[in-house]
Structure formats: C-alpha cells, structure tokens
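Examination of the molecular architecture
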Amino acid sequence: MEDVINRRASFPLRNRVLRFLWGAVRIVLFAPSPRPFHAWRAFLLRCFGASLGRDCRIYPKAQVWAPWNLKCDDFVGVADGAIIYNPAPISLATYAIVSQEAYLCGATHDYMKPHFPLVSSQITIGRYAWICARATVQPGVRVGDGAVLGLGAVATKDLDPWKVYAGIPARFVKDRTPIPQMQETGATAP
Amino acid sequence: MEDVINRRASFPLRNRVLRFLWGAVRIVLFAPSPRPFHAWRAFLLRCFGASLGRDCRIYPKAQVWAPWNLKCDDFVGVADGAIIYNPAPISLATYAIVSQEAYLCGATHDYMKPHFPLVSSQITIGRYAWICARATVQPGVRVGDGAVLGLGAVATKDLDPWKVYAGIPARFVKDRTPIPQMQETGATAP
Amino acid sequence: MEDVINRRASFPLRNRVLRFLWGAVRIVLFAPSPRPFHAWRAFLLRCFGASLGRDCRIYPKAQVWAPWNLKCDDFVGVADGAIIYNPAPISLATYAIVSQEAYLCGATHDYMKPHFPLVSSQITIGRYAWICARATVQPGVRVGDGAVLGLGAVATKDLDPWKVYAGIPARFVKDRTPIPQMQETGATAP
C-alpha cells in the first residue's frame, strides 16, 4: 500500500535516496546470492542499518523495504518471497519465523481523510512465533511469543502468545504447547 | 485462470500475437523503467491501445494483460505487483487505487460445461475506490465509488459506494466518509 | 514453509544437491522458454524424475520444487506462478488444472515440538479437479475428482468429488455437474 494515490511523495528525499541505493544492492548483491550465504546477506542488511542478532537467516528472495527499520534478535528466519514492508520499525524476536510469501505490512492509508495520508505503525513478532506462508500481518499488530498465524491468514489484531490463529480476519483456533526453554526462562509476550 | 485445460486456444491468433509483442515490450521497456517514469509507461500502454487520462501512475512491476482493454481516467494508481487480467475490458475511474499484488481477475472458466470454456466479463472500479494489497476482484464485479476492498479480501459481488469490505468472500465492515469534492460534484457510483 | 527455523538442514545432502541442479536448470532452460514449448518443459521435468502423461502443460513460470516427486497423468495444466511444493509426492490426475499462483503446499512444521520438525505429506488432485488462482492446498489433502477450490481459498481438509469450495478455510458452496465422460467410465474420487 505504498504511495500510489497521493500526488505528493509520502516519504522525504533522504528516505527515497536510501531506498534507491538499497534497491540496487538488493538486485545486484542480495537476491542473486546462494541460499546458504546467510552471513553475507546479514552483512548487507547491517550496512543499511539493520540490527540483526546471531545466525539470522534472511533468504535471498525475501524483500526488506527499509533495513534501517528492521530489528531481529537471534536465529530469526525470513523465507524466500516474504515481504517486510516497514516504513515504521518491525522487530522479530529470537526464533521467530516468517514463511514464504508472508507479508508484514507496516503501513496503510487513512481512507477517511481526503488526502489519503500514509499511516505506518510498528509490528512486533514475539519469540518462537510463526507467520505461516502467505499470511499477512496488518500495521500495528503485536504477535505474541509462540503465536502461529496460519497459512494465508490475515492478522488484524494482536495475537496472544502460544495460540494458533487462522482465517481472514484471523481467529483463535487452538492452543500451542509452549516450548520448554521459554517456560524456564520465564519469557513473556511482548 | 488463463487457458490451461482447454486443448484449443482460448484466444484468436491476433490476440496471441499482440500479447506476445506486448509481453516483449513489458520485459524490455516497461518493467525495468525507473519508478518515477510514469509518463513513459503510460506512453507504452497507449501504444498498445490503453486509454489513460492525466497523470496515471502504473508502477513498473504492475502487470497488464491486454492494454487495449484497459481504460483509466485521471490520477489512477496501480502498484507494483498488481495484476490486471483483462480479456474483457477493465476500467478504473479517477483516483482509483490498486495496491500491491492486488488482482483484478477478469475471466474464469465455466466449470459446469465439459469443455471448460473461458468466460470473461468486465470489471469496473469507481472513483476514489481502493483495492488494497493482495485483494482480488472477481470477473464482472462493479466496485462503487469510494469503496474499499480490504487486505487480501475477495470481492465476489458488486461493492456499494463508500463502504468498506473485508474477508473471503468480502463482506460489509463499515462505512467510509465520502470525500467532499465527490459530494459537491454529485458524482455517483457507476 | 521450507526450513527456516531449524538449525539443522531439513533435507539430506543428496536432496539439496539435486534441488540446486534443478534450480539452475529451471532458471536457465525452463523459465525463459516460450509459452507454447510445453514438450520441452515436460522433457526437462522428466530428466529430473517427473512422471508425466500425454500433453501436460506446465507453464514456464510455474515452480516445481522437486520434479522427482511430481506425477501427472494426461492433459494436466499448471499455470504460470503456480507453486508445487512437494517434499512429499504430489500427483495430479488427468485433466486436473492448477491456476495462476495457486499453491500446493506439501509440507509444514510440527509447531508442537520444540525442534519444529518439517512434516511433509502427500497431496493428490483428482481428475478434472480445478485449483483456482491463488488458492492453497494444505499438506496431506486429497482433492476429489472434479472438485473446485475457489479463488484464494485454502483447503485444509479433503475435498469431495464434484463439489465447489470457497473461503478460508474452504467450505462447501455448491455442487458441480459431473462431466459426462467421467460418469460413463465410472471413475471415482481417489
């Protein structure tokens, strides 16, 4: 839902120049890299301001709109075809997974206003959470630790930890067994 | 849902030759063009018969199946990844927006008949209407002025003006405030 | 939902080498081939172990994850943008159609287990069945002869023969008229 109606640019010049540079790097150096070259792609993302923990696996055909607004803790996985559209910051906690063609959609337009302004808001994905293939997370949604958003589902509201959701809009389906380490460390939802 | 089962071609030779030429132009001249080159892409579409008003912004990764069946009024926006599949004409009125990966699907197959014939029918998108990211419009659907089809929704029936729809199939969610200029000019749904 | 979280590879080395080779062939020889070159693409798939009957039409932008796990009977159609993700075998019976960007998703992860193991299971698509554009079939689902899975729908359970389904999850919508030849031969759902 990037700016297509607004006749004025939605983003300042500096943002557009950075995105242009990042777009070129993505096409030439990031997307054609062999699948196991996770460290190389993490390096490229960090050059553009991303904060990445240990051994994050961002696959070559994943799309990150603004690396400077991406924060991953350790062991995060983002699959080929996944789209991280982050005019506002998006953060993924340790062991979070974003599967193929999933879509973290960090901005929309306020269609109640005549000028249709862009409205972006932060998305947070908790530890061990799984955004399944082709699922979509709307702007401002917080996905709790261990939550699962099923195949093709659309999360329009916050998802509670260790629960499984499906459908459009996503609704609670069943509980998920919390992973033992999580209980030991007393980690909680964001 | 282009022809894949029918053993005879669904389209006459002239159509297939034109689409082949347009496909080559799209790959070589349209898709690689820089994002701000809207006038260049409008020119290419017009060369293949599209009717486009003032300052339409068709982004480089948008896909138009048959430019000769595309009619846009003024200030229309079609985002990257949007698909306009128009064996029958598709029209977009002034200020209509089609967001990323949205799909205007202008044809289907009559699966009740043994030969599975292609059936295409016209889609019309009203003024100020917004087809959100990953949403789909089925063949023959008329989207009223100012209607909003939410993220990932599928419109199976006509959408009333200035109403917001979501889900599969798309259902009414809430009203949208009509944009003042529209009221002044007395414009109505198609 | 290919392996992105598991720190150990989900697939043995031989599988990964074969997929690497097939990926190279796909990029260089398969995807750029002209649309009518169905026999050429069938030849390439067969070189990698696919079993294909007469006159199958696998379009150039279709994605087959593992040709050695693909079995098509006669006159099968797989459209551009369709994804056949088949760590476990996927079979399509005569006259089955998979439309644009449809997704046969043959594996998931067991999110109830701490190590999040990959779980793949066989998908079977019956004769004359139609998986419409952008629809998804979950692992292990059997789609009966002549069943129709509507635009953008997600099949989470087996689909009965000659019935039409829509929505997420897919629900029964109406009956489809069985194609006469089918009745004559007494063919039944898988």
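Calculation criteria
- Residues numbered from 1 in each chain as written.
- Chains lettered and ligands numbered in written order.
- Predicted model: local features only at pLDDT ≥ 70, side-chain atom pairs only at ≥ 80, totals over all residues.
- Helix = DSSP H or I, 4+ residues; strand = E, 2+ residues; numbered from the N terminus.
- Expected span 1.5 Å × (residues − 1).
- Buried ≥ 20, exposed ≤ 12 C-beta atoms within 10 Å, placed from the backbone.
- Arc of directions from axis to C-beta.
- Least-squares fit on C-alpha atoms with pLDDT ≥ 70 in both.
- Contact = placed C-beta atoms within 7 Å.
- Nonpolar A, V, L, I, M, F, W, Y, C, P; charged D, E, K, R; others polar.
- Pairing = 2+ DSSP bridges.
- pLDDT = per-residue confidence, 0-100.

**Focus: helix 1 (residues 13–30) of chain B**
Residue and element names in this part refer to chain B. An ideal rise of 1.5 Å per residue puts 26 Å on 18 residues; helix 1 measures up with 24 Å between its terminal C-alpha atoms. Among all positions in helix 1, only Trp 22, Arg 26 and Phe 30 are buried. Mapping the buried residues of helix 1 onto a view down its axis gives an arc of 45°, with all of them on the same face. Opposite the packed face of helix 1, turned more than 90 degrees from it, sit the exposed residues Leu 13, Val 17, Phe 20, Leu 21, Ala 24, Ile 27 and Val 28.

**Examining the relation of the copies chain B and chain C**
Between chain B and chain C, which share one sequence, the superposing operator has a rotation angle of 120° and an axial displacement of 0.0 Å; the RMSD is 0.0 Å. On the angle and the small slide along the axis, the relation comes out as a three-fold axis. Taking the C-alpha atom as reference, chain B places Ile 168 of chain B closest to the rotation axis, 3.9 Å from it.

**Side note on the environment of Thr 177 of chain A**
Mapped onto the fold, Thr 177 of chain A is located in the loop between strand 19 (171–175) and helix 3 (180–185). C-alpha separation for the pair Thr 177 of chain A and Val 28 of chain A, spaced 149 residues apart in sequence, amounts to 42 Å.

**Remarks on the environment of Phe 172 of chain B**
All names here are of chain B. Mapped onto the elements of the fold, Phe 172 is located in strand 19 (residues 171–175). Overall, Phe 172 belongs to the partly exposed group, with 13 C-beta atoms counted inside 10 Å. A C-alpha to C-alpha distance of 37 Å links Phe 172 and Phe 48, two positions 124 residues apart in sequence. Excluding anything up to four places from it in sequence, Phe 172 contacts Lys 163 and Tyr 165.

**Digging into the interface of chain B and chain C**
The partner chain C presents 21 residues to the 14 residues of chain B that form the contact. Residues that form the side of chain B that touches chain C fall into these classes: 11 nonpolar, 2 polar and 1 charged.

**Some points on the sheet that holds strand 3 (residues 63–64) of chain A**
Residues and elements named next belong to chain A. Strand order in the open sheet formed by 5 strands is 3-6-9-14-17, with parallel pairing between adjacent strands. This sheet does not close on itself; its edge strands, each paired only once, are strand 3 and strand 17 (154–155). Relative to strand 6 (residues 83–85), strand 3 is paired through 2 bridges, and the arrangement is parallel. Of the residues in strand 6, the one forming a bridge with Val 64 is Ile 84.

**A closer look at the pairing of strand 19 of chain A**
All names here are of chain A. Among the 5 residues that make up strand 19, 0 are buried, leaving the element largely open to the surroundings. Pairing of strand 18 (residues 163–166) with strand 19 involves 4 bridges; the strand directions are antiparallel. Directly across from Lys 163, in strand 19, lies its bridge partner Asp 175.

**Overview of the environment of Val 164 of chain C**
All names here are of chain C. Relative to the assigned elements, Val 164 resides in strand 18 (residues 163–166). Each C-alpha atom, one on Val 164 and one on Phe 20, is 38 Å from the other, the two residues being 144 residues apart in sequence. Setting aside chain neighbours within four positions, we find Val 164 in contact with Val 148, Gly 150, Val 173, Lys 174 and Arg 176.

**Observations regarding the confidence of the model for chain A**
Any region with low pLDDT has predicted coordinates that should not be read closely. All names here are of chain A. Here chain A averages 90 in pLDDT, and 90% of its residues register 70 or above. A low-confidence stretch, residues 1–5 stays under pLDDT 50, and its non-local contacts, those more than four residues away or across chains, total 23 contacts. In the predicted complex, the global pTM is 0.87; the interface-specific ipTM is 0.82.

**Quick word on the sheet that holds strand 5 (residues 77–78) of chain C**
All names here are of chain C. With mixed pairing, the 7 strands of this open sheet are ordered in space as 2-5-8-13-16-18-19. Because the sheet does not close on itself, it has two edges, and the strands there are strand 2 (57–58) and strand 19 (171–175). With 2 bridges joining them, strand 2 and strand 5 adopt parallel strand pairing. Within strand 5, the residue paired with Ile 58 across the bridge is Val 78.

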